[in-house]
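# Coordinates in review
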Amino acid sequence: MLTKRIIPCLDVKDGRVVKGVQFVDLKDAGDPVELAAFYDKEGADELVFLDISASHEGRDTMIDVVRHVAAELAIPFTVGGGINKLEDMKRVLRAGADKVSMNTAAVLNPELVKEGADYFGTQCIVVAIDAKYDPSIDSWRVYTHGGRKATDWEVIEWAKTVEENGAGEILLTSMNADGEKSGFDIKLTKAVSEAVNIPVIASGGAGNADHFDEVFKDGKADAALAASIFHYKETSVSEVKDFLKKRGVTIR
Amino acid sequence: MIGIIDYGMGNLYSVSKALERLGFDYFLSEDPEELKKASGLILPGVGSFRDAASILEKTGLKDFILSEVEKGTPLLGICLGMQLLFEESEENGVSKGLGLLPGRVLRFEGVTEDGTKYKVPHMGWNKLRFHHPESPLLTDLEEEHVYFVHSYVVHTSSPDVVIASADYYGEVPAVVGKGNVFGTQFHPEKSSAEGLGILSNYAELIERK
């Protein structure tokens, strides 16, 4: 049986992990390779690196990070941020990443998903979707540009479109739940997961181990991503996994 | 020394680095003359079966691989590289593989016989079940989880070539082999200790030769 995956997410800027990482027992909590190795040891099933560099230099540095992570770790990882053309995908995948994730670029240019899937295979292509509830359509609306811009896309319609275009996986972030630590958005996750035939990673809202149990059982998620609760050591990947095993969730 | 066949279809970096970490010598080449010097081969692969099969054919690598296998050189196909060991695939129309192992490569149906839908690709960690624990690839290993990511699956009517399998709405051949030909559907270089164990067992088999 395929196991449910627990995925820590690391924000990387100019080659350093940023945004609230508090690791007292690491020599240098800003080093992506060291943190990646830490999460690997803890039992993380996969990692996501989000490149939030604004400059070309920062993006080039990211390629070095990808190379180092691939050289030292034996678990799969995805790189998102700054993937705007086929050439960007090539660079990241050749450096040793297993998947690339696109968000705004996929909305602006849906053909990009198709191009990537044709060239590298659907399994390499993740589409990240930021969704926020909109009462006027009684559903969730897709946002781009880091949640700053509303689009015309309703989330289910968009999820089905990216699946058709060849996305191999969806990374679904609930903007309503993100940062609240009051649990994943179960309704949203379930709606998307049941609408498509590709795996869905739930993101946004993880506050404790119970929330993972909910999103796997009720939300039908295939994987769940979290950042701050792991970075701040509010819980650990191994604690969450032990808890889920006791609850009967299939876990590695 | 291990020769990794570089035909432009695969992420060779992670496999190379894994071998380095395990302490085995390797080289990458697309040239059959160079690759002849290897005492064992790795055929990686990511992407489409049809493209990969046609490149192997055009570059003469297909004939090279077949003659090396005939001579007894060990060969390990990884992911698409494993699928290429079989007779044919229906990915983007039917195309011929290397035909070293009996079987065909078909897309996961995405729906069971009783109509239940399931997700494709088969993506994530799944547990191995050993059918031939005596295989040199499984030496000192337990039935652990390894990382899969694929939409096509091997169907074979010869259970003797399936060394280990995983369960995903049916049996998924995960480690295959016959004689000096081996393959893994999953990525050993991305499958933590279990995957590295398999890679290491293969490398040792070559060194013992």
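An unreviewed UniProt entry lists chain B under the name Imidazole glycerol phosphate synthase subunit HisH, with Exobacillus caeni as the source organism. Taken from UniProt, the Subunit (unreviewed entry) comment for chain B reads in full: "Heterodimer of HisH and HisF."

Identification of chain A as Imidazole glycerol phosphate synthase subunit HisF from Exobacillus caeni is taken from an unreviewed UniProt entry. Entered under Subcellular location (unreviewed entry) in the UniProt record, the comment concerning chain A runs "Cytoplasm". Its UniProt record gives chain A the following Subunit (unreviewed entry) comment, quoted word for word: "Heterodimer of HisH and HisF."

### Digging into the UniProt feature "active site" (unreviewed entry) in chain A
Residues and elements named next belong to chain A. Taken from the UniProt record, the annotation "active site" (unreviewed entry) applies to D11 and D130. Checking the annotated residues one by one, the ones that line the largest pocket turn out to be D11 and D130. Among the structural elements, D11 can be located in strand 1 (residues 5-13). Take D11: its relative accessible area is 10%, and that puts it in the buried class. Looking at D130, the relative accessible area reads 12%, which means it is buried. Residues in contact with D130, not counting those within four places in the same chain, are N103, R141, V142, Y143, G146, G147, T173 and M175. At 3.3 Å, the side chain of D130 and the side chain of N103 are in polar contact.

### With respect to the sheet that holds strand 6 (residues 95-96) of chain B
Residue and element names in this part refer to chain B. What the four strands build is an open sheet, ordered 6-5-7-11; its pairing is mixed. The open sheet terminates on both sides in strands that have one partner only, identified here as strand 6 and strand 11 (152-155). As paired strands, strand 5 (residues 88-89) and strand 6 are joined by two bridges and run antiparallel to one another. Directly across from S89, in strand 6, lies its bridge partner S95.

### A short note on empty space enclosed by the protein
All names here are of chain B. A complete count under the given rule lists one cavity of 30 Å³ or more for this structure. Considering only enclosed or pocket space, the largest cavity measures out at about 40 Å³ in volume. Lining the largest cavity, in full, are G10, N11, V15, P44, G45, V46, I78, H187 and E189. When the residues that make up the lining of the largest cavity are grouped by side-chain class, the tally is four nonpolar, four polar and one charged.

### Quick look at the sheet that holds strand 12 (residues 162-167) of chain B
Residue and element names in this part refer to chain B. Pairing in this open sheet of eight strands is mixed, and the strands run 2-1-3-4-14-13-12-9 from one edge to the other. Unpaired on one side and paired on the other, strand 2 (26-29) and strand 9 (129-130) mark the two borders of the sheet. Two strands pair when backbone bridges link them, and strand 9 and strand 12 are joined in this way by two bridges, in the antiparallel orientation. Counterpart to F130 in the pairing with strand 12 is A164. Contacts between helix 4 (residues 61-71) and the sheet are confined to strand 1 (2-5), strand 3 (40-43), strand 4 (75-78) and strand 14 (181-184), with strand 3 contributing the most and set at about 140° to the helix.

### A few points about the packing of aromatic side chains
Within this structure, the stated rule accounts for 16 aromatic pairs over all chains. Of the aromatic side chains, those joined through ring pairs into one cluster are F38, Y39, F184, F212 and F230 of chain A. Note that R252 of chain A overlies the ring of W125 of chain B, its terminal NZ or CZ placed 3.7 Å from the centroid.

### Considering the interface of chain A and chain B
Between chain A and chain B, the residue contacts involve 39 residues of the former and 30 residues of the latter. Sorting the residues of chain A by area buried against chain B places L2, A74 and N197 of chain A first, and these three jointly supply 25% of that buried surface. Scanning the region where chain A abuts chain B turns up two salt bridges. The salt bridge partner of K190 of chain B is D98 of chain A, with a shortest N-O separation of 3.0 Å. Linking chain A to chain B there are 14 residue pairs in polar contact (both at pLDDT 80 or more). Elements supplying a minimum of two residues to the side of chain A that touches chain B: helix 2 (56-72) and helix 3 (86-94) of chain A. The element best represented in the side of chain A that touches chain B is helix 2 of chain A, accounting for four residues. Grouping the amino acids of the side of chain A that touches chain B by side-chain chemistry returns 19 nonpolar, seven polar and 13 charged.

Conventions adopted
Numbers given to residues run from 1 along each chain, matching the order in which its sequence is written. Each chain gets a letter, beginning with A, and each ligand a number, beginning with 1, in the order they are written. pLDDT decides what is reported in this predicted model: residues at 70 or higher carry local features, side-chain atom pairs at 80 or more are listed and counted, and totals for whole chains, interfaces and linings draw on all residues regardless. With hydrogens and water stripped out, all remaining heavy atoms of the structure feed into the side-chain values. UniProt positions are given in the numbering used here, feature names are shortened, and annotations may be inferred rather than shown by experiment. Space inside and on the surface of the protein is sampled on a 1 Å grid over the protein atoms alone, with a cavity defined as a set of points where a 1.4 Å probe fits but cannot get out and a pocket as an open set with protein on both sides within 12 Å along at least 5 of 7 lines; lining residues have an atom within 4 Å of a point. For helices the rule is a DSSP run of H or I covering at least 4 residues; for strands it is a run of E covering at least 2, with both sets numbered from the N terminus onward. The classification of residues rests on relative accessible area computed with a 1.4 Å probe and restricted to protein chains. Under 20% of the type maximum is buried, over 50% is exposed, and intermediate values are partly exposed. Note on contacts: a residue pair qualifies if any of its non-hydrogen atoms lie within 4.5 Å across the two residues. What qualifies as a polar contact is a pair of N or O atoms within 3.5 Å, subject to a donor-acceptor requirement within protein and to the restriction that residues adjacent in sequence count only when both atoms come from side chains. For two strands to be treated as a pair, DSSP must find at least two bridges joining them. Grid points are joined across faces, edges and corners, and a volume is the space filled by probe spheres set on the points. Polar here means any residue outside two lists: the nonpolar Ala, Val, Leu, Ile, Met, Phe, Trp, Tyr, Cys and Pro, and the charged Asp, Glu, Lys and Arg; Gly therefore counts as polar. Only C-alpha atoms enter the line fits that serve as axes; for helices the fit covers just the stretch in contact. Angles between N-to-C directions range over 0 to 180 degrees. The pairing test for Phe, Tyr and Trp rings, Trp by its six-membered ring, is centres within 6.5 Å, and the orientation test on the planes gives stacked under 30 degrees, edge-to-face over 60, and tilted for anything in between. Think of it as a cone above the ring: NZ of Lys or CZ of Arg counts as a charge over the ring if it is within 6 Å of the ring centre and within 35 degrees of the ring normal. When two parts are put together, the accessible area they lose, computed with a 1.4 Å probe and summed over both, is reported as buried area. Criterion for a salt bridge: a side-chain nitrogen of Lys or Arg within 4 Å of a carboxyl oxygen of Asp or Glu.

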